[in-house]
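Analysis of the macromolecular model
Residues per chain, in single letters:
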Amino acid sequence: MTVWDDLVGQDRVQEQLAAAAKDADALVTAASGGEPLDQGSKMTHAWLFTGPPGSGRSTAARAFAAALQCTSPDRAMGGAPGCGFCDGCHTSLSGTHADVEVIRTDLLSIGVKETRDLVRRAQLSPAVGRWQIIVMEDADRLTEGAGNVLLKAVEEPAPRTVWMLCAPSLEDVLPTIRSRCRHLTLSTPPVEAVADVLIRRDGIDPERAHAAARATQGHIGRARRLATDERARARRAAVLKVPLRVADVGGCLKAAQELIDTSTEDAKQLAEEVDAKETEDLKAALGGVAGGRMPRGTAGAMKELEDKQKRRKTRTQRDSLDLALTELTGFYRDVLALQLGSKLAIANTDVQDSLDRIAESSTPAQTLRRIESVIACREAMDRNVAPLLAVEAMTMALRAG
């Protein structure tokens, strides 16, 4: 097992990263560590991983980080970095390496304060590893101010610091930042490759693994959740019934409310799991006593935590709702394929009867307008339109066709 085993269907990207890791290993081995990176090297100090959701952007970044920190003795005999077994690889992949910082946010954005903290850390020399590595999984969530703070660090990096930014597309990152990064584009992995990973790594039943991979069209994370979480399968089944429930105005409004309620419940469940523990931990750290009053001067810290939890709840609700809209788009994509007689594989074969019914009772032009209404709903929520109003407008448009 190497660090690249979870990088599904990305052979070209894997080759590029493996070559860069080999050059980086030679540089660290030969030099004392104070010299800048060689301009002719396949290694560079800043990387930008882009690709559609589920393509494995963060997986590729973490695998690359592990390869850079690899300490396998086989390297001295010509072996490639990234063995997957040494302490450097293992701790990097598990998230416990002292010199690999993985930044992911459960909030709506990454602000200036957090970015300044990262930039300060990036100026330090590695503590125990070969490189100081910052993996930012949600670089597209940087605010404009945070992006400008990051730009300085990317322009003038410390000799042994490597930035790895992940975003859906180049347009999601400031032009000044992306122009200073080496760009790697990942593609959606094949359905068969995703199913193979679910069977091989997660021990999932082959039939269920193939069904989940097909339903999610190669999205590794969603496929794993769909194959292992009964609640996720129930939620998806409910979403795929929406096209049959919008025959009248009452059905439209009811379907919209249920979509909102489901996403709200997802956010509530996460809050119940995380918020209480966070609050208790902070109270203990501030010297609070269980059941007693908090010490003076701690109200600000408690308020900051409450605001963070509120923003996280909003992000979770929107992510859950966005997933439902993605599944609706996939449903109508299958309908359009049937109407046009396309040889494109049907993703939602488990609701074939519903697909046939909608395909026979509508035209391709209506299906395209319905897909556009789902996209318009997602765009409206990006502009902070009230979710219920956006979803109600969408369900009414689905009815009109």
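Throughout what follows, the structure given in this document is the object of discussion. If you're wondering where the values come from, they're calculated on a predicted model, not measured in any experiment.

The rules behind each value
- Residues numbered from 1 in each chain as written.
- Predicted model: local features only at pLDDT ≥ 70, side-chain atom pairs only at ≥ 80, totals over all residues.
- Heavy atoms only, no water.
- Salt bridge = Lys/Arg side-chain N within 4 Å of Asp/Glu carboxyl O.
- Helix = DSSP H or I, 4+ residues; strand = E, 2+ residues; numbered from the N terminus.
- Buried < 20%, exposed > 50% of the residue type's maximum accessible area, 1.4 Å probe, protein only.
- Pairing = 2+ DSSP bridges.

**Structural notes on the pattern of salt bridges**
Per the stated rule, a full pass over the model turns up 17 salt bridges. A salt bridge links D25 to R130, with the shortest nitrogen-to-oxygen separation between them at 2.5 Å. Separated by 105 residues along the polypeptide, D25 in helix α1 (residues 11-30) and R130 in the loop between α4 (112-122) and β3 (132-136) bring together distant segments of the chain. Looking at D25, the relative accessible area reads 12%, which means it is buried. Here D350 and R236 are joined by a salt bridge, their closest N and O atoms 2.8 Å apart. In this pair, D350 sits in the loop between α13 (299-339) and α14 (352-360) while R236 sits in helix α10 (residues 230-239), placing the two residues 114 residues apart along the sequence. Overall, D350 belongs to the exposed group, its relative accessible area being 51%. A single network of salt bridges, built from pairs that share partners, joins R62, R104 and E137.

**Some details on the pairing of strand β1 (residues 46-50)**
Of all 5 residues making up β1, 5 are buried, and the element is well covered by its neighbours. Covered by surrounding structure in β1 are A46, L48 and T50 together with W47 and F49, the residues of both alternating faces. Pairing analysis gives 5 bridges linking β1 to strand β4 (residues 161-167), with the strands arranged parallel. Counted as the bridge partner of A46 is W163 from β4. As paired strands, β1 and strand β5 (residues 182-185) are joined by 4 bridges and run parallel to one another. Within the sheet, the bridge partner assigned to T50 lies in β5 and is T185.

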